[in-house]
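Commentary on secondary and tertiary structure
Here are the chains, one letter per residue:
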Amino acid sequence: MEGARELLERTAGIAADYVESLGDRRVFPDVTPEELRKVLGGPLPEEPIDAREVVEHLAEAAGRGVVATGTGRYFGFVIGGVLPAALAADWLTSTWDQNAGLYAAGPSASVVEEVTREWIVELLGLPAHASIGFVTGTQMAHVTGLAAGRLHVLDAVGWDVGRDGLQGAPPVRVFVGPKRHVTVDRALRLLGLGAPAVVPVDGLRDALAAHDGPAIVCAQAGEVNTGAFDPLDELADVAGEAGAWLHVDGAFGIWAAVSPELGHLVEGLERADSWTSDAHKWLNVPYDSGIVLCAHPESHRAAMTVQAEYLLQDEGARRTRDELDWVPEFSRRARAFPVYAALRSLGRRGLVELVERCCRQARRFAELIASEPGVELLHEVVLNQVLFRFEDDARTNEVLARVQDSGRIWLSGTSWDGRKAIRVSVSNWQTDDEQIALAVDAFREASRAAVPR
Ligand SMILES: *Cc1c(COP(=O)(O)O)cnc(C)c1O
């Protein structure tokens, strides 16, 4: 590749400059969509442009509209930063450009998935035989885990959903809690299971008893606004009695399982049938990186596998892993490399510290912000999320907008029980006392500047 070294070194320099700028860069860029269209738009060039020029233009033009999610001052949605080892491993993933669908297309990608599976299963305390799939995010992890569940519960009543589909099948009833994440609903929609029945935990036993037949229960480990957990042990009892499949959304909350301090939140986790999580949130792996795990590898594989003559799939003789057997994708990125690198660079102790530090900083922020005039905490801090508001919706909105505009930190709003609220997610490996103090200051100033009540 002519000039590749020069180009890659130049690009590494641009990337390093960016990373070094994160300390004092505005968090949300001061830019309009019109400005971005102007610098990025225009007709497709007729003639080739030199790669270096293309990259430099991209860095300069697109760089104006980049949100600095990599700083410890970013508290929006639930978005993690990037651990250096994971970032670098992600570069190598692109450089190697493996098609991680088959062992035959990339042996190391396949083996790294095997190794990473063992580590994650052990870290989370899940059954040692649990299978894994590396997907784009929790959204597709839901699709995969719930597809395994759909197959499994229908198989138990003698219906082969792979062959016969859902038309004419015994109805599969799906139960979710009122605060489940919207991605659960979309996964169910894609799987032809329709809208779920919304049932609070204490109504689930009766709801399951009201009908016979295949059922799936979706539980939550870490609600997106509050970080709250469903009582997994109790749900495992109730689902178990009814022969229902228990699926756990643990997008970020599942990582509580690694901490002795927080482990009680996920008591019973290992009793579920499928689990989902993200590496791109709390594990601080670059996007996109989700994880699905399943206690029934045969159902997981049966729900996902494909076979074709030309594929050179492993028939079991060498017992190697063909990744496309475990995910909805066919050709795919070798997504486990950065996850593997993140886990190795942290080690068990580093991971526990990352999780506990974020929770500690969330509690610290909550304590400090709660002593500001007009602030009401809307939920106790159970994990790494803080939910609060000012006196009324108008002031809540105004203070939040001022804080966002300041560029010093960024975080997002939500509605909670019909009222406007502000949510803080501490999901970045770099967030420490200094960033929390800065965040509280930003709110103090914005609150003083906002129209009094
Ligand atoms: C973020 C999140 C999801 C969706 O995950 P993606 O990785 O964005 O697909 C699902 N559930 C919860 C609780 C989440 O926080």
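Small disclaimer: the values here were computed from a predicted structure and weren't measured.

Now for the sheet that holds strand 3 (residues 197–198). The strand order across the open sheet built from seven strands is 1-7-6-5-4-2-3, with neighbouring strands paired in mixed fashion. Across the chains shown, the open sheet's two edge strands, defined by having one partner strand only, are strand 1 (131–135) and strand 3. One ladder, built from three bridges, connects strand 5 (residues 245–249) with strand 6 (residues 274–278); its direction is parallel. Residue pairing across strands places V248 opposite W275, the latter belonging to strand 6.

Around the ligand, the surrounding shell holds 13 residues, and the nearest of these are Q139, D249, D278, H280 and K281. In the model, an oxygen atom of the ligand is placed 3.0 Å from a nitrogen or oxygen of the T138 main chain. Coverage of the ligand by the protein amounts to 86% of the 380 Å² it exposes when considered alone. By residue class, the composition of the shell around the ligand is three nonpolar, seven polar and three charged.

Domain annotation of the protein identifies domain 1 (4–68) and domain 2 (88–342). Just the C-alpha atoms count here: the centres of domain 1 and domain 2 sit 36 Å apart.

Let us now look at the sheet that holds strand 8 (residues 376–377). Reading across the sheet, the four strands line up as 8-9-11-10 and stay open at both edges, with antiparallel pairing between neighbours. Every interior strand has two partners, whereas the edge strands, strand 8 and strand 10 (412–416), have only one. Looking at chain direction, strand 10 and strand 11 (residues 419–425) are connected through five bridges and run antiparallel. What sits directly across from G413, in strand 11, is I422.

Let us now look at a nonpolar patch on the surface. On the surface, a nonpolar cluster with roughly 310 Å² of combined accessible area is contributed by V306, Y310 and F330. Within the secondary structure layout, V306 lies in the loop between helix 11 (297–304) and helix 12 (336–370).

The next point concerns the pairing of strand 1. Here strand 1 lies mainly inside the structure; five of its five residues are buried. Burial of the side chains of strand 1 extends over both faces: S131, G133 and V135 are buried on one face and I132 and F134 on the other. Relative to strand 7 (residues 290–294), strand 1 runs antiparallel, the two being bridged by five bridges. Along strand 7, the bridge assignment pairs I132 with L293.

Taken as a whole and assessed by the stated rule, the structure comprises ten aromatic pairs. Ring plane angle 25° and centroid distance 5.8 Å describe the contact between F28 and W410, whose orientation is recorded as stacked. With F28 in the loop between helix 1 (4–21) and helix 2 (33–40) and W410 in the loop between helix 13 (393–406) and strand 10, this residue pair connects regions lying 382 residues apart in the sequence. In this structure F28 comes out as partly exposed when scored by relative accessible area, which is 34%. Members of the aromatic cluster, each reached through a chain of ring pairs, are F28, Y74, F77 and W410.

Under the criterion given, the structure shown has 29 salt bridges. Between R348 and E122 there is a salt bridge, with its nearest N and O atoms 3.0 Å apart. Here E122 lies in helix 5 (residues 107–124) and R348 lies in helix 12, a separation of 226 residues in the sequence. Among the charged side chains, a salt-bridge network with shared partners connects E6, R10, R52 and E56.

All right, on to the packing of helix 6 (residues 138–155) against helix 11 then. The interhelical angle for the contact between helix 6 and helix 11, taken along N-to-C directions, is 105°, at an axis separation of 8 Å. When the axis of helix 6 is compared with that of helix 11, the two are roughly perpendicular. Seen from helix 6, the contacting residues are V143, T144, A147, A148, L151 and H152; seen from helix 11, they are E298, S299, H300, A302, A303 and M304.

Attention now goes to the pairing of strand 6. The side chains of a regular strand alternate, residue by residue, between the two faces of the sheet. Most of strand 6 is tucked away, with five of its five residues classed as buried. Side chains S274, T276 and D278 project from strand 6 onto one buried face, and the interleaved W275 and S277 project onto a second face that is buried too. Both strand 6 and strand 7 contribute to a ladder of five bridges, which runs antiparallel. Bridging across to strand 7, S277 finds its partner in I291.

On to the nonpolar core. Counting 91 residues, the largest nonpolar core has W255, W275, L351, F365, L383, F388 and F443 as its most contacted members. Broken down by element, the residue count for this core peaks at 16 residues, all from helix 12. What W275 contacts, discounting residues up to four positions off in sequence, is L126, P127, A130, V248, I254, L269, E270, I291, V292, L293, C294 and A295. Formed by 22 residues, the second largest nonpolar core is a distinct cluster that contains A147, A148, C218 and W245.

Comment: phi is negative for the bulk of residues other than glycine, and the bulk of peptide bonds are trans. With omega at -10°, the peptide bond leading from Y287 into D288 counts as cis. Assignment of secondary structure puts D288 in the loop between strand 6 and strand 7. Positive phi is not limited to glycine here, since F77 has a value of about 40°. Looking at where F77 falls in the secondary structure, it is placed in the loop between helix 3 (51–63) and helix 4 (84–96).

Rules used throughout
Residues numbered from 1 in each chain as written. Predicted model: local features only at pLDDT ≥ 70, side-chain atom pairs only at ≥ 80, totals over all residues. Heavy atoms only, no water. Pairing = 2+ DSSP bridges. Helix = DSSP H or I, 4+ residues; strand = E, 2+ residues; numbered from the N terminus. Near = heavy atom within 4 Å. Polar contact = N/O pair within 3.5 Å; in protein donor to acceptor, adjacent residues only side chain to side chain. Areas by Shrake-Rupley, 256 points an atom, 1.4 Å probe, with all protein chains shown as cover. Nonpolar A, V, L, I, M, F, W, Y, C, P; charged D, E, K, R; others polar. Domains from an automatic or database assignment. Patch = residues over 30% accessible without salt bridge, like charges linked within 9 Å, V, L, I, M, F, W, Y side chains within 5 Å. Salt bridge = Lys/Arg side-chain N within 4 Å of Asp/Glu carboxyl O. Buried < 20%, exposed > 50% of the residue type's maximum accessible area, 1.4 Å probe, protein only. Phe/Tyr/Trp six-rings, centres within 6.5 Å; stacked < 30°, edge-to-face > 60°. Axes fitted to C-alpha atoms, helices over the stretch in contact; angles between N-to-C directions. Parallel < 35°, antiparallel > 145°, perpendicular 65-115°, else oblique. Contact = heavy atoms within 4.5 Å. Core = buried A, V, L, I, M, F, W, Y, C linked by side-chain atoms within 4.5 Å.

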